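Reading the structure
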Amino acid sequence: MPAPSRTPRTLASASADRRPEATLGLHEPGHLFRRAHQHSVSCFNAVFGRAVTPLQYAALRVLQEHPGIDQVTLAAAIALDTSTTAEIAVRLERDGWIVRELGARRQRRLELTAEGQRVINEMLRSEAVLADRILTMLDAGEREVLMGLMHKLLGKPPV
């Protein structure tokens, strides 16, 4: 029996199936979230450089809004485990951006230094630039929908 003839369309689709990117599950949520995270970090580094990591930035922002909180509370606020948060706090202290003081029940109380406040204030001036860079492919309505869906997915109401 002769093989079925291949039309240009079936040839194109057969060759697409051999390309790795055609089989990477680009439609799967986990993969898309990973790619979106890579995009976000790349944009963060382009706007702010590499002196501060996105996690350090998150910690500094929380400490700016809640001076004097302890490391365990900070960990919960930025959705990290306490040992990773402790490592971030040690680095921020080493850089002179926070002070860690041993408080009641051996909890570490955290506070921004003047230099830490200067760093975060400088970064806040470019916060809108970062958001625009991350969401550049979306119009205003799409941005609002995406942000609402991310909040819903994470079970957090928008602030």
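Model, not experiment: these values are computed from the prediction.

**Section: the overall build of the chain**
- Broken down by element type, the chain carries 8 helices and 2 strands.
- Reading the chain from its N end, one meets helices and strands in the order α-α-α-α-α-β-β-α-α-α.
- By the burial criterion, 24% of the 159 residues in the chain qualify as buried.
- Long-range pairs, those at least 24 residues apart, make up 48% of the contacts in the chain with a sequence separation of at least 6.
- Summing over all exposed atoms, the chain offers an accessible surface of approximately 11200 Å²; the carbon and sulfur share of this is 59%.

**Structural notes on unusual backbone geometry**
- In the Ramachandran plot, Ala-79 falls in the positive-phi region, its phi being about 55° despite a non-glycine side chain.
- Take Ala-79: it is sitting in the loop between α4 (71–77) and α5 (82–94).
- A relative accessible area of 68% means that Ala-79 is categorised as exposed.

**Focus: the nonpolar core**
- In this structure, Val-52, Leu-60, Leu-74, Leu-92, Ile-98 and Met-123 are the most contacted members of the largest nonpolar core, which totals 23 residues.
- Where this core is concerned, the elements lending two or more residues are α2 (29–48), α3 (54–65), α5, β2 (108–112) and α6 (114–124).
- With 5 residues, α3 is the largest single contributor of residues to this core.
- Setting aside chain neighbours within four positions, we find Leu-60 in contact with Val-52, Leu-92, Trp-97, Ile-98, Leu-112, Val-119 and Ile-120.

**So, the packing of α2 against helix α7 (residues 127–134)**
- Where α2 contacts α7, the two axes come as close as 9 Å, and the packing angle between them is 140°. The two elements α2 and α7 cross, and the hand of that crossing is right-handed. Side by side, α2 and α7 meet where His-39, Ser-40, Cys-43, Phe-44, Ala-46, Val-47 and Phe-48 of the first sit next to Glu-127, Val-129, Leu-130, Arg-133 and Ile-134 of the second.
- Among the residues forming the contact of α2 with α7, the class breakdown is 8 nonpolar, 2 polar and 2 charged.

**Here we look at the confidence of the model for the chain**
- Scored by pLDDT, the chain comes out at a mean of 87, with 82% of its residues at no less than 70.
- Mean pLDDT per element in the chain: helix α1 (residues 8–18) is the minimum at 52, and α3 is the maximum at 97.

**A word on the pattern of salt bridges**
- This structure, assessed with the given rule, holds 9 salt bridges.
- Residues Arg-109 and Glu-101 are paired through a salt bridge, measuring 3.2 Å at the closest nitrogen-oxygen approach.
- For Arg-109, a relative accessible area of 32% corresponds to the partly exposed category.
- A relative accessible area of 38% places Glu-101 in the partly exposed class.
- Between Glu-122 and Arg-118 there is a salt bridge; the shortest N-O distance is 2.8 Å. Taken as a pair, Glu-122 and Arg-118 lie in helix α6 at a separation of 4 residues, close to a single helical turn.
- The exposure class assigned to Glu-122 is partly exposed, which follows from its relative accessible area of 44%.
- Each of the salt bridges in this network shares a partner with another, and the network as a whole consists of Glu-101, Arg-109 and Glu-111.

**Description of the packing of aromatic side chains**
- Applying the stated criterion across every chain, the model contains 3 aromatic pairs.
- Judged by centre distance (5.8 Å) and plane angle (65°), the ring pair of Phe-44 and Tyr-57 falls under edge-to-face. Of this pair, Phe-44 sits in helix α2 while Tyr-57 sits in helix α3, placing them 13 residues apart in sequence. As far as burial versus exposure is concerned, Phe-44 and Tyr-57 are alike and both buried.
- For the ring pair Phe-48 and Tyr-57, a centre distance of 5.7 Å and an interplane angle of 25° mean the geometry is stacked. An identical accessibility class is assigned to Phe-48 and Tyr-57; each is buried.

Reading guide: rules and limits
- Residues numbered from 1 in each chain as written.
- Predicted model: local features only at pLDDT ≥ 70, side-chain atom pairs only at ≥ 80, totals over all residues.
- Heavy atoms only, no water.
- Helix = DSSP H or I, 4+ residues; strand = E, 2+ residues; numbered from the N terminus.
- Buried < 20%, exposed > 50% of the residue type's maximum accessible area, 1.4 Å probe, protein only.
- Contact = heavy atoms within 4.5 Å.
- Areas by Shrake-Rupley, 256 points an atom, 1.4 Å probe, with all protein chains shown as cover.
- Core = buried A, V, L, I, M, F, W, Y, C linked by side-chain atoms within 4.5 Å.
- Axes fitted to C-alpha atoms, helices over the stretch in contact; angles between N-to-C directions.
- Left-handed = near helix turned anticlockwise from the far one by under 90°.
- Nonpolar A, V, L, I, M, F, W, Y, C, P; charged D, E, K, R; others polar.
- pLDDT = per-residue confidence, 0-100.
- Salt bridge = Lys/Arg side-chain N within 4 Å of Asp/Glu carboxyl O.
- Phe/Tyr/Trp six-rings, centres within 6.5 Å; stacked < 30°, edge-to-face > 60°.

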